[in-house]
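# Tertiary structure, described
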2 protein chains.
Amino acid sequence: MRTDLTEKFGIEYPIFGFTPSEHVAAAISRAGGLGVLGCVRFNEPEELDGVLEWMHENTDGKPFGVDIVMPAKIPTEGSKVDLDAMIPPEHRAFVERTLDDLGVPPLPDGDRVNTGVLGWLHSVARSHVDVAMEHTRKYGQIKLIANALGSPPEDVIQISHDNGVAVAALAGAREHAMHHVDAGVDIVIAQGHEGGGHTGEVTSMILWPELVDAVGDRAPVLAAGGVGSGRQIAAALALGAQGVWMGTYWLTAAEYQLGASAEGGPTVIQQALLKATSRDTVRRRIYSGKPARLLKTAWTDAWDAENAPEPLPMPLQNLLVGDAHARISQAHDPSVVAMPAGQIVGRLNAITPVAELIADLVSEYEQAVARLSKTAE
Amino acid sequence: MRTDLTEKFGIEYPIFGFTPSEHVAAAISRAGGLGVLGCVRFNEPEELDGVLEWMHENTDGKPFGVDIVMPAKIPTEGSKVDLDAMIPPEHRAFVERTLDDLGVPPLPDGDRVNTGVLGWLHSVARSHVDVAMEHTRKYGQIKLIANALGSPPEDVIQISHDNGVAVAALAGAREHAMHHVDAGVDIVIAQGHEGGGHTGEVTSMILWPELVDAVGDRAPVLAAGGVGSGRQIAAALALGAQGVWMGTYWLTAAEYQLGASAEGGPTVIQQALLKATSRDTVRRRIYSGKPARLLKTAWTDAWDAENAPEPLPMPLQNLLVGDAHARISQAHDPSVVAMPAGQIVGRLNAITPVAELIADLVSEYEQAVARLSKTAE
């Protein structure tokens, strides 16, 4: 599984693993891929700093990356208080009523709500960039900074390049990809309709080769959305991608422990994921204000009901549901999780250590290439 | 490009080309694929009989197939007159008003409306099967009968097998595929969300390997939805398919001449297809009553408008819009066509003879396999 990107990053496999869990990210890098830590859940720079320090201590000097949400266009910037005032009371009432109906308990008194909400805002994202750059100057391990929503700001690209950090950005359409390379982005992540989180309408089978052709030799393309097996990696490389970007695949890793969990068993979120089929996702604006693919649960069903309000624009919708997400993630009901997930969730049927997950990808990829080569003999 | 299916059918490439045009279907078979003639547009058995005779005379003895629409469940069976009476007058008024607004002229007096509508009904589909079987007993060239909507009826499978004709059926989800193999279907066509015509929610990248694994060695899988290049064929085979089923790809073939056309140039439909990008399709119930992916045009936009009625269930919706489709296909405005098309339409940028279209697929497939093999060295 050797491409220009294994060369560029000094990694064994062109497998880029996005995950909010530092335990999973570190394990991916240790196993020969490139773990990319999602930073949106960190409200305070000190928190991220501590986690990056832990990553350094647990990655044997291998490279890793960070994913920082830097929306290209935020309709409204402002303090949390200003933004809160823009949320209609009927929307708040609907969320409260829905949580009650679904039996989601309130947070224990004094519990800090770490909703990741502020991570959407420029000011917070910028402090994440600063922390990451400091770390890379110290240890030189952070080799990639990725952005899910538009091209990163010009000075972020500049400071990243100054520190030897490559910049990647997600694209759901040709125009996004062209904008990225024009802005100086080094790697385009082509994320198809079937992916978890924010996606467009065009599916991976169509989008990957379209973006490969569109950006040409101006940037390598990582294939995202729908990758959860070695066969799909082979397909991605056959379609012209230089590697894959996987997110949902790691959610049932043994190392993934975010959210509530029963003693010793899989977490509540993992219980929900293990049960889901490829048809159990929906693409809705209810998570962030922009269309994102989520696990279909009683929570998403509630927003599909006749009486549900229209989701608010970004970043208001995420502010609106921030507390709800925190309450849901502390609850113990797998039928009410609020979780981005791609259609590949149908393949997640066991809790498996990351090292094994990667070994599975590699051996299935090798079989697929061998089988395909035979068809051409 | 050799698989079990090239062996089974005695064809050069496992490229199954679905098309309503006998000229295109014949050219596909002549060029080493398997042309599959869509029969829904033929109201009278005699018409189909004549066209199959022409196919025989123009395929150098090579095998070909037929696609006959046999809906598994028709909510309502009955004569056209009975069914017509079930269509609400407001729906008819909306269609008339919309055609007027869009400037679609009425059909010339005495023009026969060949809408394909009756092809949805069991009785008509059955007469198509009879004609096809008669032909295969005479010339032995019809090697495949395919059905787009559910498993074919038991006796159709039986009579096909008795005549040495393999039976294929489209599937958009695991349950469909299992139902097909249980019913005795020989080949499962896994059609992803991005395909033209009737599709489910699950995309090709997810669906193809899922159905390959689900049916195992009970049936080979053809990959459909999103195939319009040799790289995508390589991806399909890497994902475990034994061949590909392509529809949209042939719509800009030089041999495709259905619908109105300007003197000597591309047809009106082709003009519309050449302009479209991968984002210019929508999946709606307005064509048949079941979700089908269509080219986005002023006609689909009208049905998305605030004042548009909900589409009717199958087969009423197709009866409702049958005359409209006939009027639109005789008109000369590429912005108002009513045409199933997959997202691969973004790649259709020239009018090209079928032989060249197939040669392109083969050479790009070979390059993709060679490039992929290198990544595994």
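Provided above is the structure to which this section pertains.
The structure reproduced in this document is the subject of the present report. (Residues numbered from 1 in each chain as written. Chains lettered and ligands numbered in written order. Predicted model: local features only at pLDDT ≥ 70, side-chain atom pairs only at ≥ 80, totals over all residues. Heavy atoms only, no water.)

This paragraph deals with the packing of aromatic side chains. Residues and elements named next belong to chain B. For the structure on display, the rule yields ten aromatic pairs over all chains. With centroids separated by 6.0 Å and ring planes inclined at 20°, the aromatic side chains of Phe18 and Trp245 adopt a geometry described as stacked. A residue pair is termed long-range when its members are at least 10 positions apart, and Phe18 in strand S1 (residues 15-19) and Trp245 in strand S9 (residues 243-246) qualify at 227 residues. The class for Trp245 is buried, based on a relative accessible area of 6%. Pairing Trp299 with Trp303 gives two aromatic rings, centres 6.0 Å apart and planes at 80°, and the pair type is edge-to-face. Remark: Trp303 and Trp299 occur in helix H12 (residues 298-304); sequence separation between them is four residues, near one turn of the helix. Residue classification places Trp303 among the buried residues on the basis of a relative accessible area of 7%. (Phe/Tyr/Trp six-rings, centres within 6.5 Å; stacked < 30°, edge-to-face > 60°. Helix = DSSP H or I, 4+ residues; strand = E, 2+ residues; numbered from the N terminus. Buried < 20%, exposed > 50% of the residue type's maximum accessible area, 1.4 Å probe, protein only.)

Residue and element names in this part refer to chain B. Viewed as axis vectors pointing N to C, helix H10 (residues 230-238) and helix H14 (residues 354-375) meet at an angle of 55°, and their least axial separation amounts to 7 Å. If you check the angle between H10 and H14, you find them oblique. As for how H10 packs across H14, the hand of that crossing is right-handed. From H10, Gly230, Arg231, Ile233, Ala234 and Leu237 reach across to H14, where they touch Leu361, Glu364, Tyr365, Ala368, Val369 and Arg371. Per-class residue counts for the contact of H10 with H14 are seven nonpolar, one polar and three charged. (Axes fitted to C-alpha atoms, helices over the stretch in contact; angles between N-to-C directions. Parallel < 35°, antiparallel > 145°, perpendicular 65-115°, else oblique. Left-handed = near helix turned anticlockwise from the far one by under 90°. Contact = heavy atoms within 4.5 Å. Nonpolar A, V, L, I, M, F, W, Y, C, P; charged D, E, K, R; others polar.)

Turning our attention to the interface of chain B and chain A. Listed by partner, the interface residues are 40 residues for chain B and 40 residues for chain A. The junction of chain B with chain A conceals about 3,500 Å² of combined surface from both sides, 57% of it contributed by carbon and sulfur atoms. Across the chain B-chain A interface, the total number found is six salt bridges. Among the ionic pairs, Glu175(A) bridges to Arg279(B), the shortest N-O distance being 2.3 Å. Taken together, the connections running from chain B to chain A amount to 34 residue pairs in polar contact (both at pLDDT 80 or more). Contributions of two or more residues to the side of chain B that touches chain A are made by helix H9 (204-215), H10 and H14 of chain B. (Buried area = accessible area lost by both parts, 1.4 Å probe. Salt bridge = Lys/Arg side-chain N within 4 Å of Asp/Glu carboxyl O. Polar contact = N/O pair within 3.5 Å; in protein donor to acceptor, adjacent residues only side chain to side chain.)

Residues and elements named next belong to chain B. Of all six residues in strand S5 (residues 166-171), six are buried; the element is thus mostly enclosed. Residues Ala166, Ala168 and Leu170 line one face of S5 and the alternating positions Val167, Ala169 and Ala171 line the opposite face, and both faces are buried. Two strands pair when backbone bridges link them, and strand S4 (residues 142-147) and S5 are joined in this way by four bridges, in the parallel orientation. Bridging from a neighbouring strand, Ala146 pairs with Ala168 of S5. In this region the chain leaves S4, passes through helix H7 (residues 154-162) and returns to the parallel neighbour S5; the handedness of that crossover is right-handed. Bridge count for S5 against strand S6 (residues 187-191) is four bridges, and the pairing is parallel. Paired with Ala169 across the bridge in S6 is Val188. Taking the sense of rotation as the criterion, the β-α-β connection linking S5, helix H8 (residues 174-183) and S6 turns out right-handed. (Pairing = 2+ DSSP bridges. Right-handed = clockwise from strand over helix to strand, strands pointing away.)

All names here are of chain A. Examined against the element boundaries, Phe42 turns out to sit in the loop between strand S2 (34-38) and helix H3 (45-57). For Phe42, a relative accessible area of 1% puts it in the buried group. Measuring from C-alpha to C-alpha, the distance between Phe42 and Arg285 comes to 22 Å, with 243 residues separating the pair along the chain. For Phe42, the residues in contact, after removing those within four places along its chain, are Leu37, Glu47, Leu48, Val51, Val124 and His128.

Residue and element names in this part refer to chain A. A cis amide bond links Met314 to the next residue, Pro315, at an omega of 0°. Inspection of the secondary structure assignment puts Pro315 in the loop between helix H12 (298-304) and helix H13 (316-330). Notably, Asp60 is not glycine yet its phi reads approximately 50°, a positive angle.

Before going further, it helps to examine the pattern of salt bridges. Where charged atoms from two side chains of opposite charge approach closely, those side chains can pair. This model, assessed by the stated rule, comprises 28 salt bridges over all chains. With its nearest N and O atoms 3.4 Å apart, the salt bridge here joins Arg327(B) to Glu96(B). Of the two residues, Arg327(B) is situated in helix H13 (residues 316-330) and Glu96(B) in helix H5 (residues 89-101); the sequence distance between them amounts to 231 residues. For Glu96(B), a relative accessible area of 41% corresponds to the partly exposed category. One salt bridge connects Asp182(B) with Arg218(B), and the closest N-O pair in it is separated by 2.9 Å. Taken together, the residues Asp182(B) in helix H8 and Arg218(B) in the loop between H9 and strand S8 (221-224) connect sequence positions 36 residues apart. We classify Arg218(B) as partly exposed; its relative accessible area is 44%. One network of salt bridges, with partners in common, ties together Asp213(A), Arg231(B), Arg347(B) and Glu364(B).

Take the sheet that holds strand S5 (residues 166-171) of chain A next. Residue and element names in this part refer to chain A. Spatial strand order, S1-S2-S3-S4-S5-S6-S8-S9: eight strands in a closed barrel with parallel pairing. Strand after strand, the sheet turns through a mean of 25° between neighbouring axes, direction not considered. Across four bridges, the pairing between strand S1 (residues 15-19) and S2 is parallel. Opposite Phe16, over in S2, you have Leu34 as the bridge partner.

This part takes up the pairing of S4(B). Side-chain positions along a regular strand alternate between the two faces of the sheet. All names here are of chain B. Judged by how many residues are buried, S4 sits mostly within the fold: five of six residues are covered. Summarising the sheet, strand S3 (residues 64-67) and S4 pair through four bridges and their orientation is parallel. Each bridged residue has a counterpart across the sheet, and for Val66 the counterpart in S4 is Ile145.

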